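# Notes for the structure review
Listed below are the residues making up each chain.
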Amino acid sequence: MTALPTTAFIDPTGDNHDEIKALLSQVTTLLLEEMSQAMARSPLPDPLPLSQLQQQAQIPHHSVPFAQLLEQVRSHIRHSMNAAHPGYIGHMDSIPTTLSIVGDLLVAALNNNMLSVEMSPVFSRLEPLVMQQLAAQFGWGKGAGGVMVSGGSLANLQALTVARNLHFNALEKGIVGLARQPVFFVSEVAHTSMQKAAMMMGLGSQAAIAVRTNANSQMDLDDLTAKLAQAKTANQQPFALVATAGTTVTGNIDPIAEMSAIAHAHRLWFHVDAAYGGALVFSPAHRHLLSGIHQADSITFNPQKWLYVTKTCATVLFKNFDTLKHHFRIVAPYMSDDSQWANLGELTVQGTRHPDILKLWLSLQHIGIAGYADIIRHNYALTDQFVSAVLARPFLQLASKPQMNLVCFRLAPPQLDDAQLDDAQWDDLNRQLQQFLLLATPLAKDKPLSEKQPIPVFLSLPIYKGQRWLKAVLLNPYTSAEIITQLFNQIDSFVANSFH
Ligand SMILES: Cc1ncc(COP(=O)(O)O)c(C=O)c1O
């Protein structure tokens, strides 16, 4: 065993306790040094040079000293996407709660397995109990529940698979040989995981029928009614309707209550993809935006987004949890059975699964509903400021009327009308602005944030309705009104330099 480093494992007899303690203390020192100085790095640093990565990727014959590894990790941190930076506002990636970092570390040390109750006796019980509590936040009663999965795409796949299995009684016999092709309806701006789900369910991606949206990125109900009628004549069998609560690009919310009535009238499973917007149930001032969500049969909700829990942390919730048991469960006979607690690996696509519940539970306990409501209030205040600043500038255009803390906008100076610039040139103009905003000088450690020294800001550049837009997601609790003011000062100076 001489080649084995003495800290390869935490000795269960305590023999290397002090060495491990020293190692972990170096880790926490590095973590704090880097994360509490996140603002000194760019929100989107340059990637590590490829030659360095190639060198590091080699698998060594002998143990590399930990101090050397730690320095390499430091360089990884410095070149990584910097979600903690208050200027990193381009995606639904959030600064993580402290206790979700702690939760990840602790469950890694325990290495339990959500596959079965005996492999994770505490977390296999805690997860369903917390899922019931979450379900109650969405207005569901007894009998509701859910499971955790690795991301919103898997949550959507699982919900739609249950819907399909229920509708076609397909758990055992599948869907081969059906007289009509199974289809479901989503808005044209729904997340691409809908098409992936259709493809993986063996229906083909076109089975996710795209319904047109209105000017505000919400599902157009007239088009939905028309598409439902067309399906009948096209020999299709609709089985589900999906509403999005927080579209990925503009953060808009489909008309949930009206859609639920339509789903009910057509006997369709009603799924709400609230991967992003589900967090609004934690804000008494904003939860009305999800009104009607309690009518859903299933909900996707990702605490990894607006609840700031480290990735991955996602849930799929069912109004009637037994539906999942009857229309998805594949029993693993090699697992010991407990009639009260399900082996969760029988109820999810994944078998072996990380206990994401600990970091979610720790974050909910530590922050509480009131704490989350405070953050969401702050996010909305910044959004109001942001939207007012866009509206006050005739050279900026909004993609939709924001309903959440997402603002999608673009540079469209009226003097450069469509006759002068083609679509590609408009896109390029917005790309240039994005780069300009990102290249502001990072804030030096000892310098105060002031209007004179703009911080770099990362906005993403999604394609929406055929054009490039700039997207801001005002998630970070450290993004301040002052930073938004500076951002618009920067936009003004870009415009002044470019067009005069
Ligand atoms: C509305 C919506 N649904 C689903 C997803 C997919 O989630 P994930 O990337 O965790 O699979 C996203 C991701 O951004 C999303 O915005």
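What you are looking at is a predicted structure, and each value in this text was computed from that prediction instead of being measured.

It is worth spelling out the packing of helix H1 (residues 17–35) against helix H3 (residues 66–78) at this point. At their nearest, the axes of H1 and H3 sit 11 Å apart, and the two run at 20° to each other. In terms of orientation, H1 lies roughly parallel with respect to H3. Crossing of H1 against H3: the hand is right-handed. Across the interface between the two elements, Leu23, Gln26, Leu30 and Glu34 from H1 touch Phe66, Leu70, Val73, Arg74 and Ile77 from H3. Tallied by class, residues from the contact of H1 with H3 come to 6 nonpolar, 1 polar and 2 charged.

Further remarks concern the sheet that holds strand E12 (residues 470–473). Read across the sheet, 3 strands follow the order E8-E9-E12 without closing on themselves; strand pairing throughout is antiparallel. Of all the strands in the sheet, the pair left with one neighbour each is strand E8 (396–398) and E12. Averaged over all pairs of adjacent strands, the angle between strand axes in this sheet comes to 30°, irrespective of strand direction. Of the pairings in the sheet, the one linking strand E9 (residues 406–411) to E12 comprises 4 bridges and is antiparallel in character.

In terms of burial, strand E2 (residues 181–187) is largely enclosed, as 6 of its 7 residues are buried. As paired strands, E2 and strand E4 (residues 236–244) are joined by 5 bridges and run parallel to one another. The residue bridging Gln181 from the neighbouring strand is Gln236, located in E4. With 4 bridges connecting them, E2 and strand E3 (residues 208–211) associate as parallel partners. Within E3, the residue paired with Val186 across the bridge is Ala210.

The rules behind each value
Within each chain, residues carry numbers counting from 1 in the order of the written sequence. It should be noted that, the model being predicted, local features are given only for residues of pLDDT at least 70 and side-chain atom pairs only at 80 or more, the latter also being counted only at that level, while totals for whole chains, interfaces and linings use all residues. Here an axis means a line fitted to C-alpha atoms, over the contact stretch when the element is a helix, while the angle between two N-to-C directions is reported on a 0 to 180 degree scale. Numbered from the N terminus, helices here are DSSP runs of H or I no shorter than four residues, and strands are runs of E no shorter than two. The cut-offs work like this: below 35 degrees is roughly parallel, past 145 is roughly antiparallel, 65 to 115 is roughly perpendicular, and the gaps in between are oblique. Should the near helix be turned counterclockwise from the far one by less than a right angle, the crossing is left-handed, whereas a clockwise turn marks it as right-handed. Here contacts are defined at the residue level, using C-beta atoms placed from the backbone and a cut-off of 7 Å between them. Charged residues are taken to be Asp, Glu, Lys and Arg, nonpolar residues to be Ala, Val, Leu, Ile, Met, Phe, Trp, Tyr, Cys and Pro, and polar residues to be all remaining types, Gly included. We treat two strands as partners when DSSP finds at least two bridges between them. The burial label depends on the number of other C-beta atoms within 10 Å of a residue's C-beta. Counts of 20 or more mean buried, 12 or fewer mean exposed, and intermediate counts mean partly exposed, with C-beta atoms placed from the backbone.

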